[in-house]
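# Examination of the molecular architecture
Here are the chains, one letter per residue:
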Amino acid sequence: SLLSAGTAQAADEEALAKAKNCLACHAIDKKVVGPSYKDVAKKYTAKDEAMLAEKVIKGGKGVWGPVPMPANPSVTPDEANKLVKWILSLK
């Protein structure tokens, strides 16, 4: 059977998340070091995409507790946007 375009796209984003080491600190459905992506998707909406994409690249701290998210300078703005759209789709 053929994968739907959405499923294939999500597989690409998950592969990107793995390649950029996001999954070292995040899991889709459980807290690891950082929040689960499902929890992120519950907290934010599409209007937060630009802020979240910037946070992916520059890092941040304080929103989810004391553990900071490190900067990820190897992630391009385009990749950050793709990752954020994927994460927010995981509701």
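Above this note sits the structure.
When helices and strands are counted, the protein chain shows 4 helices and 0 strands. Dimensions of the protein chain, computed from the C-alpha atoms along their principal axes, are close to 45 × 25 × 25 Å. Put simply, the protein chain has 91 residues, and 33% of those count as buried. Of the contacts formed within the protein chain by residues at least 6 apart in sequence, a portion of 48% connects residues at least 24 apart. Here the protein chain has roughly 5,800 Å² of accessible surface; of this, 61% comes from carbon and sulfur atoms. Taking the average place of the 14 positive charges on the side chains of the protein chain and the average place of its 10 negative ones, the gap between the two points comes to 6 Å.

This paragraph deals with the nonpolar core. Nonpolar side chains tend to gather and get buried jointly when the protein is soluble and globular. In this structure, Tyr37, Leu83, Val84 and Trp86 are the most contacted members of the largest nonpolar core, which totals 17 residues. Mapped by element, the contributors of at least two residues to this core are α1 (5–19), α2 (37–43), α3 (49–58) and α4 (77–88). Here this core takes 6 residues from α4, the largest share from any one element. The residues touching Trp86, leaving out its near neighbours within four places in the chain, are Ala10, Glu13, Glu14, Ala17, Ile28 and Tyr37.

What counts and what doesn't
- Residues numbered from 1 in each chain as written.
- Predicted model: local features only at pLDDT ≥ 70, side-chain atom pairs only at ≥ 80, totals over all residues.
- Heavy atoms only, no water.
- Helix = DSSP H or I, 4+ residues; strand = E, 2+ residues; numbered from the N terminus.
- Buried < 20%, exposed > 50% of the residue type's maximum accessible area, 1.4 Å probe, protein only.
- Contact = heavy atoms within 4.5 Å.
- Areas by Shrake-Rupley, 256 points an atom, 1.4 Å probe, with all protein chains shown as cover.
- Lys, Arg positive; Asp, Glu negative; His and termini not counted.
- Charge placed at Lys NZ, Arg CZ, Asp CG, Glu CD.
- Core = buried A, V, L, I, M, F, W, Y, C linked by side-chain atoms within 4.5 Å.

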